Amino acid sequence: AEQSAATPETGAAAIEAIMQANPNVRVVAGINDAGVLGAYEALAGMGVPTEEFALFGLDATPEALARMREGGMYKATVDIAPFEAGRAAIDLALQ
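Residues numbered from 1 in each chain as written. Predicted model: local features only at pLDDT ≥ 70, side-chain atom pairs only at ≥ 80, totals over all residues. Heavy atoms only, no water.

J.: Sorry if this is basic, but what is going on with the overall build of the protein here?
T.: When helices and strands are counted, the protein shows four helices and three strands. Reading the protein from its N end, one meets helices and strands in the order α-β-α-β-α-β-α. In terms of overall dimensions, the protein has a C-alpha envelope of 55 × 25 × 20 Å along the principal axes. The proportion of buried residues among the 95 residues of the protein is 28%. For the protein, long-range pairs separated by at least 24 residues make up 54% of all intrachain contacts whose partners lie at least 6 apart in sequence. (Helix = DSSP H or I, 4+ residues; strand = E, 2+ residues; numbered from the N terminus. Buried < 20%, exposed > 50% of the residue type's maximum accessible area, 1.4 Å probe, protein only. Contact = heavy atoms within 4.5 Å.)

Written as structure tokens, this is what we have:
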């Protein structure tokens, strides 16, 4: 199932819709940590067996890293470093 969710609010709404339509979903991959953190909170509030879930985000926000350290369903986040990537692209273009 695919939903657009870039904020905690839309992440929570998306996982609620996904779980209603596809109750066997156990993996969530998001476009950023904010949306995935919203899904995390929604799932935790649903009373689902969280040990069966694996959530993955992007941005390596402090909140996502804290959830990962808890050892729960937030399994990974990637530090995509948008400012550094942008700087490198500009530097390359100027060469």
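That shown, we press on.
J.: Looking at this model, I keep getting lost on the sheet that holds strand β1 (residues 27-29). Mind explaining?
T.: Two strands in a sheet stick together by hydrogen bonds in their backbones, pointing the same way (parallel) or opposite ways (antiparallel). Sheet architecture is open: three strands sit in the order β1-β2-β3, paired in parallel fashion. The sheet terminates laterally at β1 and β3 (74-78), the two strands that pair on one side only. The mean angle between the axes of side-by-side strands here comes to 10°, regardless of whether they run parallel or antiparallel. Inspection of the sheet shows strand β2 (residues 54-58) paired to β3 by four bridges, in the parallel sense. In the strand pairing of β3, Leu-55 is matched with Tyr-74. (Pairing = 2+ DSSP bridges. Axes fitted to C-alpha atoms, helices over the stretch in contact; angles between N-to-C directions.)

J.: When you look at unusual backbone geometry in this model, what are you seeing that I'm missing?
T.: Excluding glycine, most residues fall at negative phi; most peptide bonds, likewise, are trans. You will see that Asp-59, though not glycine, has its phi angle at about 115°, which is positive. Among the structural elements, Asp-59 can be located in the loop between β2 and α3 (62-69). A relative accessible area of 31% means that Asp-59 is categorised as partly exposed. The phi torsion at Ala-60 lies on the positive side, around 55°, for a residue other than glycine. Looking at the element boundaries, Ala-60 is found in the loop between β2 and α3.

J.: Sorry, what's going on with the nonpolar core here?
T.: By size, the foremost hydrophobic cluster in this structure holds 17 residues, and its most contacted members are Ile-15, Met-19, Leu-43, Phe-53, Leu-55, Met-73 and Tyr-74. Counting only elements with at least two residues in this core, the list comes to α1 (8-21) and α2 (33-46). For this core, the element with the highest residue contribution is α2, accounting for six residues. If sequence neighbours within four positions are ignored, Met-19 has contacts with Val-25, Arg-26, Leu-43, Met-46 and Phe-53. (Core = buried A, V, L, I, M, F, W, Y, C linked by side-chain atoms within 4.5 Å.)

J.: Explain the pattern of salt bridges here, please?
T.: Between side chains of opposite charge, pairing is possible as soon as their charged atoms come close. This model, assessed by the stated rule, comprises three salt bridges. As a salt-bridge pair, Arg-26 and Glu-52 come within 3.0 Å of each other at their nearest N and O atoms. Taken together, the residues span a long stretch of sequence, with Arg-26 in the loop between α1 and β1 and Glu-52 in the loop between α2 and β2 at a distance of 26 residues. For Arg-26, a relative accessible area of 25% translates into the label partly exposed. In this structure, the salt-bridge partner of Glu-41 is Arg-67, at a minimum N-O distance of 2.4 Å. (Salt bridge = Lys/Arg side-chain N within 4 Å of Asp/Glu carboxyl O.)

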